[in-house]
Amino acid sequence: MPKQRGSRHPVKALSAQFVRNAPPGLYCDGSGLNLRVDLSGVRRWVQRLVIQGRPRTLGLGGWPLVSLSEAREVAFANRKLARAGGDPLSDKRKARDTPSFAQAAAKVIEMHRPGWRNAKHAAQWESTLTTYAFPRIGAMPVSEVTTAEVLEVLEPIWHDKPETARRVRQRIGAVMKWAVAQGYRGDNPAGEAIAQALPRHSKVRAHMRALPHAKVAGAIEAVRASDASMSVKLAFEFLVLTASRSGEVRLATWQEMDREAGEWTVAAERMKSKRAHRVPLSTRALEILSQARALSDRETLVFPGSRAGKPLSDATLSKLMRQLGIAAVPHGFRSSFRDWAAECTNAPRTVMEAALAHVVRDRTEAAYARSDLLERRRQLMNDWAAYLSAEGGKVVPMLRPA
């Protein structure tokens with residue numbers, strides 16, 4: 001046994017041969033590193049340190065898996081960290097508890113799930129990350145994912161599937177921001193650095209297909225003459241007349257309708273803005289509700305699907321429009337309405353935007369925009385209904401004073 005092992009402050013007191021042959025006991029090597037040999041012959045490395053004023057004992061692993069030189073290297077690093085005020089135990093625990101990217105993504109999805117509008121959004125997150133991110137970085141500790149790995153995920157789809165790639169990058173970034181907030185890492189590898197590394201997309205982002213406003217009345221007539229169910233026909237025309245989103249119409253309930261006041265109040269949780277929205281109903285829109293009431297007297301939904309108690313599916317209106325050769329999507333009628341309002345009326349921009357339930361982006365303007373301009377919008381929606389009913393939509397409504 002080396003002579004240094006019994007000294008007060010030994011330095012590298014042990015040798016590889018001694019470690020291999022030492023009898024049961026505790027032997028000091030230096031820097032607080034000790035070899036513990038059990039009666040069974042098992043040999044383990046332990047280190048005694050004062051960490052933030054408290055004496056602690058750290059296990060560094062067993063011999064021969066951890067050699068003498070490796071144990072010394074770890075012990076020296078631990079001692080330096082402890083002298084600087086750090087906590088090797090905390091760092092070791094953090095490294096052990098660090099989740100993989102896939103585990104971190106699951107936590108982020110669960111955290112955001114209550115705030116998302118529907119289950120479809122969570123499913124899209126899971127699907128895109130499972131398809132594109134997990135094969136490359138799913139099993140990696142979230143602390144070890146670098147910009148290079150994120151780049152490897154995005155490059156194959158960056159030009160071929162630009163919108164998908166944008167969403168994958170956004171979702172990876174959200175997971176990394178969570179990891180930063182949890183203390184697992186100090187940066188977001190899907191942030192600005194990767195924005196500079198990725199080439200710009202040459203394609204212009206396409207808008208949803210919409211009809212010129214002069215052709216909207218013809219689309220309504222085509223739907224009326226189709227073989228679609230009456231519930232689908234009424235839902236389609238109601239969507240066009242109110243310039244609403246498909247989901248708002250398909251999931252509309254009778255509880256939201258006030259036919260006496262001529263108003264439809266869409267619940268906040270069903271609105272994109274997360275704020276309740278009052279929709280003024282034109283005479284034709286109220287007629288549609290009367291027809292729908294006769295069809296669904298015992299239903300909660302205004303426009304029920306073919307199965308009792310179930311709403312129309314998300315694809316129902318889109319599929320009908322494709323079958324009839326209507327070159328638009330349901331959401332596009334909001335654009336048709338907006339173009340008509342801008343070209344054929346002198347309604348203020350604020351009234352047009354309020355009719356579409358668009359949120360005022362300017363904070364100063366929003367602070368003063370307390371009214372929802374319901375009566376001004378009622379006038380506008382009545383004009384829109386009149387425009388659509390007048391000889392196939394060819395008659396332009398009379399301009400009114402602002």
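Preceding block: the structure.
Rules used in this analysis
The written sequence of each chain sets the order in which its residues are numbered from 1. Predicted model: local features are reported for residues with pLDDT of at least 70 only, side-chain atom pairs are reported and counted for 80 or more only, and whole-chain, interface and lining totals are derived from all residues. Where side-chain values are given, they derive from all heavy atoms of the structure, hydrogens and water being excluded. Pairs of strands are assigned from DSSP output, requiring at least two bridges between the strands. Secondary structure elements follow DSSP: runs of H or I of four or more residues count as helices, runs of E of two or more count as strands, with numbering from the N terminus. Pairs of residues are marked as contacts when any of their non-hydrogen atoms sit within 4.5 Å. The angle between two axes is taken between their N-to-C directions and runs from 0 to 180 degrees, where each axis is a line fitted to C-alpha atoms and a helix contributes only its stretch in contact. Note on classification: 1.4 Å probe, protein chains only; a residue is buried when its accessible area is under 20% of the maximum for its type, exposed when over 50%, partly exposed between these limits. Between N or O atoms, a polar contact is any pair within 3.5 Å; within protein, one atom must be a potential hydrogen donor and the other a potential acceptor, and residues adjacent in sequence are included only when both atoms are from side chains.

Q: What am I meant to see in the sheet that holds strand 6 (residues 263-266) here?
A: Hydrogen bonds along the backbone pair up the strands of a sheet, which may run parallel or antiparallel. Here we have three strands laid out as an open sheet, ordered 5-6-7, and antiparallel in their pairing. A strand with exactly one partner marks an edge of an open sheet, and here the two such strands are strand 5 (257-258) and strand 7 (277-280). Across the sheet, helix 17 (residues 374-389) lies against strand 6 and strand 7, angled at about 40° from strand 7, the strand it touches most.

Q: What am I meant to see in the environment of Leu-295 here?
A: Counting through the fold element by element, Leu-295 comes out in helix 12 (residues 283-295). Looking at Leu-295, the relative accessible area reads 52%, which means it is exposed. Distance in space between the C-alpha atoms of Leu-295 and Ser-231 is 7.7 Å, their sequence separation being 64 residues.

Q: Would you explain the environment of Ala-133 in this entry?
A: Considering the arrangement of structural elements, one finds Ala-133 in helix 5 (residues 119-138). Classification of Ala-133 by relative accessible area gives buried; the value is 0%. When the C-alpha atoms of Ala-133 and Val-168 are compared, they prove to be 7.6 Å apart, with 35 residues separating the residues in sequence. Residues within four places of Ala-133 in sequence aside, it is in contact with Phe-101, Thr-128, Gly-138, Val-153 and Ile-172.

Q: Even after reading the chapter, I still don't get the side chain of Arg-171, so can you show me in this structure?
A: The topology assignment puts Arg-171 in helix 7 (residues 162-181). A distance of 3.4 Å separates the side chain of Arg-171 from the backbone oxygen of Gln-124, its partner in a polar contact. Beyond its immediate sequence surroundings of up to four residues, Arg-171 is in contact with Gln-124, Trp-125, Thr-128 and Leu-129.

Q: Where do I start with the sheet that holds strand 3 (residues 43-51) in this structure?
A: Reading across from one edge, 1-2-3-4 is the order of the four strands in this open sheet, with antiparallel pairing throughout. For this open sheet the edge positions go to strand 1 (25-30) and strand 4 (54-63), each flanked by a neighbour on one side alone. Adjacent strand axes in the sheet meet at a mean angle of 25°, parallel and antiparallel pairs treated alike. Bridge count for strand 2 (residues 33-37) against strand 3 is five bridges, and the pairing is antiparallel. When the bridges of strand 3 are listed, Arg-36 appears paired with Arg-44. Along the sheet face, helix 2 (residues 68-83) touches strand 1, strand 2, strand 3 and strand 4 and points at about 10° away from the line of strand 3.

Q: How should the pairing of strand 6 be read in this particular structure?
A: Note on strand geometry: in a regular strand, side chains alternate between the two faces of the sheet. Both strand 5 and strand 6 contribute to a ladder of two bridges, which runs antiparallel. Residue pairing in the sheet places Asp-258 in a bridge with Glu-263 of strand 6. Between strand 5 and the antiparallel strand that follows it, strand 6, lie four residues; Gly-262 among them carries a positive phi value of about 70°. Alignment of strand 6 against strand 7, held across four bridges, turns out to be antiparallel.

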